[in-house]
Amino acid sequence: MAVLPTNANPAPSPIQVPMRTRYYDGVTAEALDVRVRASTIDLTISRADNSTVVARWPVTDLIVLGDTEHEAVPAVAPRGSDARLVIEDPEQRRQLAQTVPALERLARPRPSAGGRIALFGSALVIVIGLFWGGVEYGSEAVAPLVPHVLQAKLGEAVRDELVDGKEMCLGNAGLVAINRLANDLGKAAGHPHKITVNVVKGGPVNAFTLPGDILVFYSDLITQAKDSSQVAGVLAHEIGHAVHYHPIKGLTRQFGVDVLLHSLTGGFSDIGTLTSGGGLLLALRNGRAFEREADATGVELLEKLGVRADGVASFFEQLMGKETSDAAKMLGMWSSHPPTAERILATKRPSTGRPAFTEAEWAALRSVCGETLRDPSSTRTPKDPPTTVRPRPR
Amino acid sequence: MLHCSNERPWAPRGCVTDVSAAPAPDLTPSRPVYDGSLGELYGIYLRHLALMVLTLGWSRFWGRTRLRRYLWSHLSILGDRFEYRGRGRELLFGFLFVLVLLALWFGLIWALWYFRLREHPVPGLSVTNMFSVSLALLGLPLAFVGQYAGLRYKLTRTRWRGIRAGLDGSAWGYGMRATFLTFINAMTGQLMLPLVSVGLARPRIANARVGTLHFDFAGRAGDIYGRYIGYYFLNILMWVVAIAVVAVAIGGTFSDLDTKSEEFTKLFSEPSLRTLVLAAAIGFAAYLLFGLLILPVRCWWQAYLFRYLVSRTRAGNVLFASAISTWQMWGFLVLNYLIVVLTLGLGWPLVMHRTLRLVAQELWIYGAPNGASIQQPADHGPGYGEGLLDMFDVTGF
Ligand SMILES: [Zn+2]
């Protein structure tokens, strides 16, 4: 084995390929240092050491392989041949191209790196901007056109996934009450589809809207609400999501972001997993705009029905004022529904108007999970028939 | 004079007569030269990215080809530049070919389901399930097949002094061999790694050629087993240390919190912001610890393995060697990875640039081939390429 010059890295500072002209005949790997004489008829290639002519290429056959943007030294070759002529000296290449117009590409100056970076960097930014605009506009336009059956199917699948292993509250009168108000609000907005509200037992204090006008409420939200107007406020907010087709728009956008990131990073799996986090972040940011729209629409719908509309703001205030020990329960609400001061200000309304639910409706809703929820310390007596059931196995 | 030595891998095994009468072979050292510029590379890459977004990724075949043309052409050995003559459409055809194969495979699975299982469905076994499970099982062998076939494609599109390179041998044979070795290695707790490394390096090196000049590979797993066993137990020791440190740190944190066990379970069943922050901090610390203790050991082994594999490679009378250090290997494996991931892929040209500079700095070539004896090969290689690689292996470019 050859001895390795370990410590001796005799790096001559400017590493360069010597400025020579090389000829390869395409048959063997023999490399010849050559001189080239060009006429308008042919290219005469002769050995640099003894002037023996090694090749004579007719000008009409000549091509340049590659270009000066990518190839350090584009090679000259007769069409269809494996032979190559490589001229390292740019000045010599320029002279050759002057004599032989067919070799014009040989003399093109290397495009400046800075210029290219500026050009294609801004092109990239513009293309991403256009793509993003297309997704934004496209999801806006397309979402309402997605067949409702399809949306509902998707929504049901997501709901079943989300509530899997949790108890559904099936108190009939309570469900009727909340569904009644939900559809009243939907009608007030001119929404053409039926809205379905499901109640899941337990926490977090949250509610969400799925594609196909399917709403899911957690019973903790109903339990911890000070009064019926707060539940009505959250419900109206969710109806705001539904009538604006936010869920399907959100999905469309997320898909768009995925496609964009995939085309930008295509080929790196690790980046793929990393960007799925980035995509989520973007979807969340997107969510903020949706939230504001849903807030505004929710309050508007309540006022349209002549119902007390102070519930949204008062609910956010209550969430914000909660002590940190309840932070865990709020986490779910925080992530997609940040109760910012700005949102409270925007949804602040006087406590006038008729109540959203009748006394009987509100009582039924409070016990939708089969317990008298007015007094949290009371436990169910064995006489009470259990009205909570597990979701049916799929 | 009789010579009995194991130190010369290129001598025939056992004792041979020393032919000291013959003239000393030419062993003039040289290194590859890379004269690309990072700025120019970025110009090409940004153009590629803009086109990727515009075409939703379909321009990747042509973009990849342009990048390779740049990199190949700026790398030279013995004063002669490489040339990349692949075409974007060859990569497109390769991709479409594998797409068609997958469609046929899905059709087959669907037919199986339709005619056999539809009447008597097995719970949890839908058509899509069967398809994705079969792909997951086939994915690893196919990725290996794709790696070998991809190497063949790249080599047959590579020219040096006008002569095409190439790779003989069967990609499917390599895929089966690689799958088997990987499986055995996993079954034996990684103790077979030298066997795997040498066993997979051999076909890739010994089947490679430039024109009619074949590479030879004289590596044996036995040569590196001693060092590997040392690495193996050092690695385990580092894991034990790392886990112990993490355990002590976690124990300390929670005794500080003075948490009762029910509160402890509550902490995890209903995560608060504090729990999340705590978990993130612990995760980060563990990651850092892992990076400090375990990665250097792994880089030390990888650098050693690379030096070994290079030194046992020969092309005719040309010998190779590398003095790559653990630190350089760290830059190659860890730093490059971090650059790509933390820049969301925008650092990719920098990584490529760094890699080629490393090759130019740390690969030594002794002697020069007799060019006149190397013939242009008759075959032109496959007409399309890298479909499997595109589909199953995501580490390439
Ligand atoms: Zn909302």
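Residues numbered from 1 in each chain as written. Chains lettered and ligands numbered in written order. Predicted model: local features only at pLDDT ≥ 70, side-chain atom pairs only at ≥ 80, totals over all residues. Heavy atoms only, no water.

A. Structural detail: the pairing of strand S13 (residues 363–366) of chain B. All names here are of chain B. Here two bridges tie strand S3 (residues 29–30) to S13, and the two strands are oriented antiparallel to one another. Bridging across to S13, Ser 30 finds its partner in Ile 365. Note: strand S12 (residues 318–322) against S13, four bridges, orientation antiparallel. Opposite Phe 320, over in S13, you have Ile 365 as the bridge partner. (Pairing = 2+ DSSP bridges. Helix = DSSP H or I, 4+ residues; strand = E, 2+ residues; numbered from the N terminus.)

B. View of the domain arrangement of chain A. Residue and element names in this part refer to chain A. When the domains of chain A are assigned, the result is domain 1 (3–141) and domain 2 (146–387). Across the boundary between the two partners, domain 1 contributes eight residues, which contact nine residues of domain 2. Across the domain 1 to domain 2 interface the summed buried area is about 840 Å²; carbon plus sulfur atoms make up 72%. Ranking the residues of domain 1 by area buried against domain 2 places Phe 131, Trp 132 and Ser 139 at the top, with a combined share of 53%. The interface formed by domain 1 and domain 2 includes one salt bridge. A salt bridge links Lys 249 to Glu 140; the nearest nitrogen and oxygen atoms lie 2.9 Å apart. Applying the counting rule to domain 1 against domain 2 returns one residue pair in polar contact (both at pLDDT 80 or more). When grouped by side-chain class, the residues that make up the side of domain 1 that touches domain 2 number five nonpolar, one polar and two charged. (Domains from an automatic or database assignment. Contact = heavy atoms within 4.5 Å. Buried area = accessible area lost by both parts, 1.4 Å probe. Salt bridge = Lys/Arg side-chain N within 4 Å of Asp/Glu carboxyl O. Polar contact = N/O pair within 3.5 Å; in protein donor to acceptor, adjacent residues only side chain to side chain. Nonpolar A, V, L, I, M, F, W, Y, C, P; charged D, E, K, R; others polar.)

C. Inspection of the domain arrangement of chain B at higher detail. Residues and elements named next belong to chain B. Annotation of chain B at the domain level lists domain 1 (85–219 + 382–397) and domain 2 (223–309). The interface is formed by 13 residues belonging to domain 1 together with nine residues belonging to domain 2. The largest contributions to the domain 1 side of the interface with domain 2 come from Leu 191, Leu 193 and Pro 194, which together make up 47% of the buried area. Counting the contacts that link domain 1 with domain 2 gives zero salt bridges. Viewed at the interface, domain 2 and domain 1 are joined by three residue pairs in polar contact (both at pLDDT 80 or more). By residue class, the composition of the side of domain 1 that touches domain 2 is nine nonpolar, four polar and no charged.

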